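Single-letter residue listing:
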Amino acid sequence: MNIVVLVKQVPDSGAERQLTADGTIDRENATRVINEMDEYAIEEGLRLADTTGGEVTLVTMGPDEATESIRKALSMGAHKALHVLDPALHGSCALATSRVLAQALQTINPDIIICGAESTDGRVGALPAMLAERLNITALTGARKLTVEDGSATIERQLDDGYQVVQGSLPAIVSVWDTINEPRYPSFRGIMQAKSKPVTTLSLADLNVDPSTVGSAGASTEVVQHAPRPPRQAGVKIVDEGDAGDKLVEFLLAEKLV
Amino acid sequence: MSIAVSGEREELRKLVAEFARNEIAPVIGDFYERGEFPYDIIAGLGQLGVFGLPFPEEVGGSGGDYFTFCLALEEIAKVDSSVAITIEASVGLGAMPIYRFGTPEQRERWLPKLLAGEMLGGFGLTEPGGGSDAGSTQTRAVVDGDEWVINGSKAFITNSGTRITGFVTVSAVTGTKPDGRKEISTIIVPAGTPGMTVGKEYSKVGWRASDTHELAFDDCRVPLSNLLGERGRGYAQFLEMLDEGRIAISAVATGLAQGCVDESVKYSHERQAFGRPIGANQALAFQIADMEMRAHTARLGYYDAAARLLAGEPFKKQAAIAKLYSSDVAVQNARAATQVHGGYGFMNEFPVARAWRDCKIFEIGEGTNEVQRMLIARELGLPQ
Ligand SMILES: Cc1cc2nc3c(=O)[nH]c(=O)nc-3n(C[C@H](O)[C@H](O)[C@H](O)COP(=O)(O)OP(=O)(O)OC[C@H]3O[C@@H](n4cnc5c(N)ncnc54)[C@H](O)[C@@H]3O)c2cc1C
Ligand SMILES: Cc1cc2nc3c(=O)[nH]c(=O)nc-3n(C[C@H](O)[C@H](O)[C@H](O)COP(=O)(O)OP(=O)(O)OC[C@H]3O[C@@H](n4cnc5c(N)ncnc54)[C@H](O)[C@@H]3O)c2cc1C
């Protein structure tokens, strides 16, 4: 089985993040990690490869530094990688990202594409659906469980109040939540082996994508203004003078919490 | 002499740091408090390949080197040194002598599981009657048919009583040399061998998530083929192992010292006094700067000894210096870090409290600091 996992490098959501002057995330000076949800996608891809005897190809679109994330994913056990790298991609919106990734995916012809349900930086959460549309394949989004057999994929689609069982034929794109598995750590042997695994780099020209349709130049959305989140307000302290219960209820009602 | 932390070494270092932060730090305090051995953490570090780092792939290793192994130990010890010492002992005292001196059969039997971290090994040298004077071994082994019969006892043996302990290699007197001195050999005693009694876990001041027992041998019989290395070369062999082990111990001590810096930096931002973070007081900032200076120089010490080891150059003196200096630094930094944390530093739930309890053993284990000074003096050719 030809398995593709989409991997995006993002600034660590646990660390301080900054925007640059043009409203894009400062990736250069950030602690860069694999988008958390994508680690689950990689794990799911590796498990699928183990059971079906397939290979996992990583696909990423991102700057030079994204090779760090590729290497980490390769050392977890993925077999090879495709990196779309082009200076014109800086500032790409979700639409443009999906255009480029769709072109790249067409060069691979995957049976199944696994990706995170959302990235921790953009949090658009729309790429899986956009890619399904562009590639005209099945979209199975928000999985907490995945099974693949006889040319079809079945997921448990995670909802706030339960789950749906959704099935579709391959080829398909499946986006996953962090409830689906427990990602493995790479091993030292994996790190050594990753050094000799093939990584193909493609530019926009290689993919026949017009640079003016992507990046800041072709963005369909624009960050007009941004401001840091205001610091958290001090909480309300209720001291019990015999009426704490009433005060608590009053507070909850006022905040529309009950 | 210099050595580079780059490429796969740096990737491994980061990986172990991530594991330590995510998998060890959140839970180790409770294990430590209960004096419980953290089996899952050890298994996880086994899967990372840490136990196999200084061994080639042919014998089941990860194909790294001794320096990379030390880097991993430092990262683990930044979070908890009792976990680091479990690995150090199993690799340095359990696996390494078998890799170095073992027969093909011994290697095949023990190395694969040891290097995967699925089994732990230990080395029993110290006896209730003395450790520094290693030649004074009282434990005896005599040949009876095709077996060794061992009698005696060993004290403070790391990794000797876990569920996954495979064996302990013990030093024992096996005869008298032509010059009248004791003939000392080393013999592998598999866990569960009748006649070997594992005493109950010591109540230790520190390293509470590591496993340490007294062992008693009462007509304990093992096959002659369990002799490790040459008969009568046991003493020389384990001294050679200890030289190398000191570099690893130094990496663990350096990790503890650096962990103290990291915790102190964090706390001095968070904690407020007199309307500003305590770190803004120069008196405190200087203490932390000194801690960083000491941890850094301790690191240079073990890097240098490791570089010599890898280059095949003599490193005995440098390893002794690294061990001596870094253990001193561990104690100084643990003391300073506790001070930075004020009253909370005296509370067990703070990581620096573990550092405080653990630091002292570095001046004692694997050759006391007096013994290190003896070694350095001897290397300098001082009159004996
Ligand atoms: C503050 C901010 C600034 C932005 N700046 C601009 C801008 O200036 N102009 C503009 O038009 N748009 C901008 N965007 C949109 C941003 O570029 C999108 O985040 C991006 O296009 C992809 O969307 P996403 O990561 O949110 O995808 P999601 O749909 O949330 O991602 C889902 C999954 O798709 C995969 N995936 C996503 N991206 C990639 C990738 N590059 N390579 C491989 N796999 C991937 C991953 O598996 C991921 O888990 C901005 C967004 C924010 C929040
Ligand atoms: C937690 C823990 C784990 C351990 N794990 C192991 C293990 O796995 N295997 C193992 O074999 N041992 C192990 N040990 C034992 C350790 O190596 C010894 O405790 C150490 O070598 C010192 O020996 P001793 O305790 O007998 O002290 P002694 O040798 O009795 O020394 C007492 C004091 O006298 C000093 N001294 C002795 N001789 C001289 C001299 N000539 N000049 C100056 N000062 C001198 C020493 O430096 C020390 O300060 C462990 C110990 C501990 C506490």
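Thresholds applied
Residues numbered from 1 in each chain as written. Chains lettered and ligands numbered in written order. Predicted model: local features only at pLDDT ≥ 70, side-chain atom pairs only at ≥ 80, totals over all residues. Helix = DSSP H or I, 4+ residues; strand = E, 2+ residues; numbered from the N terminus. Buried ≥ 20, exposed ≤ 12 C-beta atoms within 10 Å, placed from the backbone. Contact = placed C-beta atoms within 7 Å. Rg over C-alpha atoms; globule rule 2.2 N^0.38 Å. Near = placed C-beta within 6 Å. Nonpolar A, V, L, I, M, F, W, Y, C, P; charged D, E, K, R; others polar. Domains from an automatic or database assignment. Pairing = 2+ DSSP bridges. Axes fitted to C-alpha atoms, helices over the stretch in contact; angles between N-to-C directions. Core = buried A, V, L, I, M, F, W, Y, C linked by C-beta atoms within 7 Å. Left-handed = near helix turned anticlockwise from the far one by under 90°. Expected span 1.5 Å × (residues − 1).

### Some thoughts on the overall build of chain A
From N to C terminus, chain A includes six helices and 11 strands. Taking the principal axes of the C-alpha coordinates as reference, chain A spans close to 70 × 45 × 40 Å. Within the span of chain A, comprising 258 residues, buried residues form 38% of the whole. At a minimum sequence separation of 6, the contacts of chain A that also span at least 24 residues come to 71%.

### What about the overall build of chain B?
Each helix and strand counted, chain B has 10 helices and 10 strands in total. Taken over the C-alpha trace, chain B has a radius of gyration of 21 Å; the compact-globule value for 384 residues is 21 Å, and the two agree within 12%. For chain B, the proportion of its 384 residues judged to be buried stands at 54%.

### What about the site of ligand 1?
Residue and element names in this part refer to chain A. Lining the immediate environment of ligand 1, one finds 35 residues, of which Cys93, Cys115, Gly116, Gly122 and Ala219 sit closest. Listed by contribution, the elements that provide at least two residues to the shell around ligand 1 are α1 (36-52), β4 (55-61), α3 (94-106), β6 (112-116) and α4 (127-135). Residues of the shell around ligand 1, tallied by class, amount to 16 nonpolar, 14 polar and five charged.

### Notes on the site of ligand 2
Residues and elements named next belong to chain B. If you check the shell around ligand 2, you find 24 residues, and the closest are Leu125, Gly131, Ser132, Thr368 and Glu370. Secondary-structure elements contributing two or more residues to the shell around ligand 2 are α4 (81-101), β1 (120-124), β3 (147-158) and α10 (369-379). Classifying every residue of the shell around ligand 2 gives 10 nonpolar, 11 polar and three charged. Residues lining the shell around ligand 2 come from more than one domain, with at least three contributed by each of domain 2 (122-232) and domain 3 (236-379).

### A look at the interface of chain A and chain B
Interface size is commonly expressed as the accessible area that is lost once the parts come together. Taken together, the contacts link seven residues of chain A with 12 residues of chain B. Class assignment of the residues belonging to the side of chain A that touches chain B gives a composition of five nonpolar, one polar and one charged.

### Details of the pairing of β6 of chain A
When a strand is regular, its side chains alternate between the sheet's two faces. All names here are of chain A. Within β6, five of the five residues are buried, which leaves it mostly tucked inside the rest of the structure. Here strand β1 (residues 2-6) runs beside β6; their pairing, made up of three bridges, is parallel. For Ile3, the partnering residue across the bridge sits in β6 and is Ile112. Where β6 and strand β10 (residues 172-176) come together, five bridges link them in parallel fashion. Within the sheet, the bridge partner assigned to Gly116 lies in β10 and is Val176.

### A closer look at the environment of Val33 of chain A
For Val33 of chain A, the position within the fold is in strand β3 (residues 32-34). Beyond its immediate chain neighbours, meaning those up to four positions away, Val33 of chain A contacts Val10 and Asp12 of chain A.

### What about the sheet that holds β1 of chain A?
All names here are of chain A. Pairing in this open sheet of nine strands is mixed, and the strands run β9-β8-β7-β10-β6-β1-β4-β5-β11 from one edge to the other. Edge strands, defined here as strands with exactly one partner in the open sheet, are β9 (162-169) and β11 (199-202). The average angle at which neighbouring strand axes cross in this sheet is 35 degrees, direction not considered. This element, α1, spans β1, β4, β6, β7 (138-149) and β10 of the sheet and lies at about 150 degrees to β6. Its contacts with the sheet place α4 against β6, β7 and β10, and it is angled at close to 80 degrees to β7.

### Some thoughts on the nonpolar core
Grouped together as the largest cluster of nonpolar side chains are 180 residues, with contacts concentrated most on Val5 and Val174 of chain A together with Cys70, Leu73, Ile76 and Ile187 of chain B. Among the elements that line this core, the one with the most residues is helix α6 (residues 234-270) of chain B, at 15 residues.

### Brief notes about the packing of helix α8 (residues 316-340) of chain B against helix α9 (residues 351-359) of chain B
Residue and element names in this part refer to chain B. Where α8 meets α9, the closest approach of the two axes is 9 Å, and the angle between their N-to-C directions is 145 degrees. In terms of crossing hand, the pair formed by α8 and α9 is left-handed. The residues of α9 that touch α8, namely those facing Ala330, Val331, Ala334, Ala337 and Thr338, are Val352, Ala355, Trp356 and Cys359. Of the residues belonging to the contact of α8 with α9, the class tally is eight nonpolar, one polar and no charged.

### What about the environment of Asn29 of chain A?
Residue and element names in this part refer to chain A. Within the element layout of this structure, Asn29 appears in the loop between β2 (9-11) and β3. Overall, the presence of 11 C-beta atoms within 10 Å leaves Asn29 in the exposed class. Sequence separation between Asn29 and Gln18 is 11 residues, and the spatial gap between their C-alpha atoms is 8.6 Å.

### Brief notes about the domain arrangement of chain B
Residues and elements named next belong to chain B. Here the domain parsing of chain B yields domain 1 (7-120), domain 2 (122-232) and domain 3 (236-379). Taking only C-alpha atoms into account, the centre of domain 1 sits 23 Å from that of domain 2. With 29 residues of domain 1 in contact, the opposing surface of domain 2 contributes 21 residues. Contributions of two or more residues to the side of domain 1 that touches domain 2 are made by α1 (7-34), α4 and α5 (104-115). The element contributing the most residues to the side of domain 1 that touches domain 2 is α4, with 12 residues. In terms of residue class, the side of domain 1 that touches domain 2 is made up of 17 nonpolar, eight polar and four charged.

### A few points about the environment of Cys220 of chain B
Residue and element names in this part refer to chain B. As for its placement among the helices and strands, Cys220 is situated in strand β7 (residues 212-223). For Cys220, a count of 23 C-beta atoms within 10 Å gives the class buried. The spacing of Cys220 and Val189 is 31 residues in sequence and 8.7 Å in space, taken between C-alpha atoms. Apart from the residues within four sequence positions on either side, Cys220 is in contact with Ile150, Val189, Thr193, Gly195 and Met196.

### Quick notes on helix α7 (residues 282-311) of chain B
All names here are of chain B. The first and last C-alpha atoms of α7 sit 43 Å apart over 30 residues, in line with the 44 Å expected at 1.5 Å per residue. Among the residues making up α7, those that are buried are Ile288, Met291, Arg294, Ala295, Ala298, Arg299, Gly301, Tyr302, Tyr303, Ala305, Ala306 and Leu309. Of the residues one or two after α7, Gly312 is the one with positive phi, at around 75 degrees.

### Brief notes about unusual backbone geometry
Across the junction of Leu170 of chain A and Pro171 of chain A, the peptide omega takes the value -5 degrees, indicating a cis bond. Structurally, Pro171 of chain A can be placed in the loop between β9 and β10. The phi dihedral of Asp219 of chain B is positive, around 50 degrees, even though this residue is not glycine. Examined against the element boundaries, Asp219 of chain B turns out to sit in strand β7. A residue is classified by how many C-beta atoms lie within 10 Å of it, and Asp219 of chain B, with 10 of them, is exposed. Even without being glycine, Glu366 of chain B reaches a positive phi, approximately 45 degrees. Tracing the chain through its elements places Glu366 of chain B in the loop between α9 and α10.

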